[in-house]
Amino acid sequence: MTLLALETSCDETSAAVVRDGKILANIVSSQIKLHAEYGGVVPELAAREHLKNLLPVARAALHAAGLAIPADQPLPIDAVAATQGPGLGIALLVGFKAAQAVAFALNKPFVGIHHHEAHLYSPWIASRSAAADGTSSLYADFAAFQPNVSLIVSGGHTLLVLVESELKHRVLGGTMDDAAGECFDKTGKLMGLAYPAGPIIDQLAEAGNPNAFSFPRPLLHEAHDDFSFSGLKTSVRYFIRDHAALLQDRSSVCDLCASVQAAIIEVLVKKTLRAAQREGVRCVTASGGVTCNRALRAALEKACRKSGVTLRLAEKSLCTDNAAMIGILAERKLLARFPESSRDEEIKPGWALT
Ligand code: KG4
Ligand code: ZN
């Protein structure tokens with residue numbers, strides 16, 4: 001089965017071609033530079049940029065997958081998928097409606113995908129270099145690592161999910177206010193760093209002392225799995241108001257970055273491991289843009305090793321939003337819904353799974 005998948009939920013325009021668990025192409029066009037000027041993603045601008053970039057990105061994905069065929073022939077695609085939500089409404093609409101239109105024109109099934117559910121798959125996609133044929137693909141044994149507890153951390157979301165078995169999961173907790181990535185970005189803005197501040201804090205923190213300044217670890221000792229980062233952000237705001245001179249000194253800024261980062265990471269790692277132990281799972285996974293953070297990756301590795309839990313981190317290129325994870329999940333859903341033998345008879349033109 002060959003699927004074309006589109007993702008436009010936030011500020012990445014992405015198209016992927018997936019076939020039998022293999023990612024034949026995954027093209028991502030980031031809008032970060034456009035939004036940096038405004039200090040955050042502007043939904044209207046994001047949607048307009050998706051409108052401009054989606055077809056070239058989709059064409060590039062088809063070309064990279066070896067499916068660039070003459071215009072008078074139908075695309076050799078068996079199904080089309082797109083992110084259905086959550087995300088920025090007007091940005092989502094661009095990819096979702098385009099994918100539906102392609103499915104309609106080709107008389108092929110359409111699959112609408114939950115963005116977070118797709119993130120659960122990115123840690124299970126093997127790197128291109130690991131595969132003999134140079135193609136990224138879903139690990140054949142990924143189901144053996146279920147049940148697992150999965151941390152999804154991005155600019156918009158902080159979630160702990162219990163994956164009980166394939167396509168069966170339960171949200172254990174989420175953020176009550178700011179997401180972890182938002183906390184990186186907003187505290188970085190208070191320090192005068194550019195958007196998105198997460199990767200810059202990651203860099204600066206490397207040269208800083210994480211114990212230099214003390215910031216709160218919100219909800220760390222609460223028994224539930226929810227997160228809250230707005231109090232931490234406010235505490236950084238007051239700290240900077242009272243110690244404004246620190247921002248003139250590079251090594252103090254590095255200490256500040258390291259201290260804020262340590263507070264965020266301690267909450268994420270301890271709550272994730274605690275949930276894993278309580279649920280009795282032997283595997284933890286993590287994905288989402290914040291998982292690119294080197295100190296978070298190292299802290300998760302250390303904590304999982306200490307607890308005897310297997311850790312699967314998404315590759316950095318698949319931590320951030322991409323259509324490959326959308327296509328991989330769409331194919332799993334179609335395979336689960338239609339066993340091979342009945343697929344051709346059962347999937348009717350116009351059939352949709354949303
Ligand atoms: O998943 P993503 O690309 O987009 C969504 O928000 O959906 O995540 C972007 C977020 C931003 O908040 C960004 O600052 C954060 O991920 N981020 C990082 C790092 N790289 C990206 N945060 C901390 N350290 C990083 N290295
Ligand atoms: Zn995402």
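*Asks:* Explain the packing of aromatic side chains to me, please; I cannot follow it from the model alone.
*Replies:* Centre-to-centre distance and the angle between the planes together describe a pair of aromatic rings. Summed over the entire model, instances satisfying the criterion amount to 6 aromatic pairs. When the centroid spacing of 5.8 Å and the interplanar angle of 55° are considered together, the rings of tyrosine 121 and phenylalanine 142 count as tilted. Remark: phenylalanine 142 occurs in the loop between strand 7 (136–138) and strand 8 (148–153) and tyrosine 121 occurs in the loop between helix 4 (115–119) and strand 6 (125–126); sequence separation between them is 21 residues. On the basis of relative accessible area, tyrosine 121 is assigned to the buried category, the value being 5%.

*Asks:* Would you explain the layout of surface pockets in this entry?
*Replies:* Any space left empty among the atoms is revealed by the rolling of a water-sized probe across them. Estimated volume of the largest pocket: approximately 980 Å³. If you go around the largest pocket, you meet 35 residues; those closest to its centre are Ser154, Gly155, Gly156, Asp185 and Tyr195. Looking at the lining of the largest pocket, the elements with two or more residues in it are strand 3 (22–30), helix 5 (180–190) and helix 6 (197–205). When residues in the lining of the largest pocket are grouped by element, the largest group, 6 residues, is from helix 5.

*Asks:* I tried to follow the packing of helix 7 (residues 230–242) against helix 8 (residues 250–279) on my own but got confused; where do I start?
*Replies:* Helix-helix packing is described using two parameters, namely the angle between the two axes and the distance between the axes. For the pair helix 7 and helix 8, interaxial distance at closest approach is 11 Å and the crossing angle is 160°. Considering the angle they form, helix 7 stands roughly antiparallel to helix 8. Classified by chirality, the crossing of helix 8 by helix 7 is right-handed. Across the interface between the two elements, Leu232, Val236, Phe239 and Ile240 of helix 7 pack against Leu256, Val260, Ala263 and Ile264 of helix 8.

*Asks:* Got a minute to help me understand the coordination of the zinc ion (ligand 2) in this structure?
*Replies:* Six octahedral donors around a metal ideally make angles of 90 or 180 degrees; four tetrahedral donors ideally make 109.5 degrees. Every protein donor of the zinc ion (ligand 2) is accounted for by His115 (NE2), His119 (NE2) and Asp321 (OD), and the metal-donor separations fall at 2.1 Å. Sequence spacing of the donors to the zinc ion (ligand 2): H-x3-H-x201-D. With histidine 115 and histidine 119 both in helix 4 and 4 residues apart, this pair spans about one turn of that helix. Grouping residues by exposure puts histidine 115 and histidine 119 together as buried.

*Asks:* In this structure, what is going on with the site of ligand 1? I would like to understand it.
*Replies:* The environment of ligand 1 is formed by 17 residues, the closest being Gly155, Asp185, Asp202, Gly289 and Asn293. Glycine 181 places a main-chain nitrogen or oxygen 3.3 Å from an oxygen atom of ligand 1. Between ligand 1 and aspartate 185 there is a distance of 2.6 Å, counted from an oxygen atom to a side-chain nitrogen or oxygen. Coverage of ligand 1 by the protein amounts to 89% of the 550 Å² it exposes when considered alone. A majority-of-atoms criterion places ligand 1 in the largest pocket. Counting only elements with at least two residues in the shell around ligand 1, the list comes to helix 5 and helix 6. Taken domain by domain, the shell around ligand 1 gets at least three of its residues from each of domain 1 (2–125 + 319–353) and domain 2 (142–313).

*Asks:* Help me out: how do you make sense of the environment of alanine 194 in this one?
*Replies:* Among the structural elements, alanine 194 can be located in the loop between helix 5 and helix 6. Each C-alpha atom of the pair alanine 194 and histidine 115 lies 27 Å from the other, and the pair is 79 residues apart in sequence.

*Asks:* Please clarify how the domain arrangement of the protein should be interpreted in this entry.
*Replies:* Interface size, as often reported, equals the accessible area lost upon joining of the parts. Looking at the protein, the domain boundaries give domain 1 (2–125 + 319–353) and domain 2 (142–313). Taken over C-alpha atoms, the centre of domain 1 sits 28 Å from the centre of domain 2. At the junction of the two partners, domain 1 supplies 22 residues and domain 2 supplies 26 residues. Summed over both sides, the interface of domain 1 with domain 2 buries roughly 1900 Å², with 71% coming from carbon and sulfur. Of all residues in domain 1, Leu120, Trp124 and Cys319 give up the largest surface area on contact with domain 2, accounting jointly for 36% of the area buried on that side. Applying the counting criterion to the domain 1 and domain 2 interface returns 1 salt bridge. Contributing elements (two or more residues each) for the side of domain 1 that touches domain 2: helix 1 (32–36), helix 4 and helix 11 (323–337). With 4 residues, the top contributor of residues to the side of domain 1 that touches domain 2 is helix 11. Broken down by class, the residue content of the side of domain 1 that touches domain 2 amounts to 11 nonpolar, 7 polar and 4 charged.

*Asks:* I keep staring at the sheet that holds strand 13 (residues 352–353) and nothing clicks. Help me out?
*Replies:* Here we have 8 strands laid out as an open sheet, ordered 6-7-3-2-1-4-5-13, and mixed in their pairing. Of all the strands in the sheet, the pair left with one neighbour each is strand 6 and strand 13. Sheet analysis places strand 2 (residues 12–19) next to strand 3, joined by 8 bridges and oriented antiparallel. If you follow alanine 15 over to strand 3, its bridge partner there is isoleucine 27. Seen against the sheet, helix 2 (residues 43–64) touches strand 1 (2–7), strand 2 and strand 3 and runs at an angle of roughly 25° to strand 2. In the packing of helix 3 (residues 89–106) onto the sheet, contacts are made with strand 1, strand 4 (79–85) and strand 5 (110–114), and the angle to strand 4 comes to roughly 155°.

The rules behind the values
Every chain's residues receive numbers from 1 upward, in the order its sequence appears when written. Just so you know, chain letters begin at A and ligand numbers begin at 1, following the order they were written in. Given that this is a predicted model, residues contribute local features only at a pLDDT of at least 70 and side-chain atom pairs are listed and counted only at 80 or more, while totals for whole chains, interfaces and linings are drawn from all residues. Think of the side-chain values as coming from all heavy atoms in the structure, minus any hydrogens and water. Each Phe, Tyr or Trp ring (for Trp, its six-membered ring) is paired with any other whose centre lies within 6.5 Å, and the angle between the two planes then decides the class: stacked below 30 degrees, edge-to-face above 60, tilted in between. In DSSP terms, a helix is any run of H or I states spanning at least four residues, a strand is any run of E spanning at least two, and both are numbered starting from the N terminus. Each residue's exposure class comes from its accessible area (1.4 Å probe, protein chains only) as a fraction of the maximum for that residue type: buried when under 20%, exposed when over 50%, partly exposed otherwise. Using a 1 Å grid laid over the protein atoms alone, points where a 1.4 Å probe fits but cannot get out form a cavity; open sets with protein on both sides within 12 Å along at least 5 of 7 lines form a pocket; any residue with an atom within 4 Å of a point counts as lining. Grid points are joined across faces, edges and corners, and a volume is the space filled by probe spheres set on the points. For every element, the axis is a line fit to its C-alpha atoms; helices are fit only across the contacting stretch, and the angle between N-to-C directions ranges from 0 to 180 degrees. Just so you know how the angles are binned, under 35 degrees is roughly parallel, over 145 roughly antiparallel, 65 to 115 roughly perpendicular, and the rest oblique. Two helices that cross are described as forming a left-handed crossing if the nearer one is turned anticlockwise from the farther one by less than a right angle, and a right-handed crossing if clockwise. The contact criterion used is simple: two residues touch if any of their non-hydrogen atoms lie within 4.5 Å. Donor atoms are limited to N, O and S found within 2.8 Å of the metal ion, a distance that becomes 3.2 Å for Na, K and Ca. With water left out, some sites might look partial. Here a residue counts as near a molecule or strand whenever at least one of its heavy atoms sits within 4 Å of it. What qualifies as a polar contact is a pair of N or O atoms within 3.5 Å, subject to a donor-acceptor requirement within protein and to the restriction that residues adjacent in sequence count only when both atoms come from side chains. Using a 1.4 Å probe, the Shrake-Rupley method yields the accessible areas, and only the shown protein chains count as cover for residues. Should more than half of a molecule's atoms lie within 2 Å of a pocket's or cavity's grid points, that molecule is taken to sit in it. Here the bounds of each domain stem from an automatic or database domain assignment. A 1.4 Å probe defines the accessible area here, and the buried area is the portion of it lost by two parts on being joined, summed over both. One speaks of a salt bridge when a side-chain nitrogen belonging to Lys or Arg is within 4 Å of a carboxyl oxygen belonging to Asp or Glu. The residue classification treats Ala, Val, Leu, Ile, Met, Phe, Trp, Tyr, Cys and Pro as nonpolar and Asp, Glu, Lys and Arg as charged. All others, Gly included, are polar. A pair of strands is treated as paired once DSSP finds two or more bridges between them.

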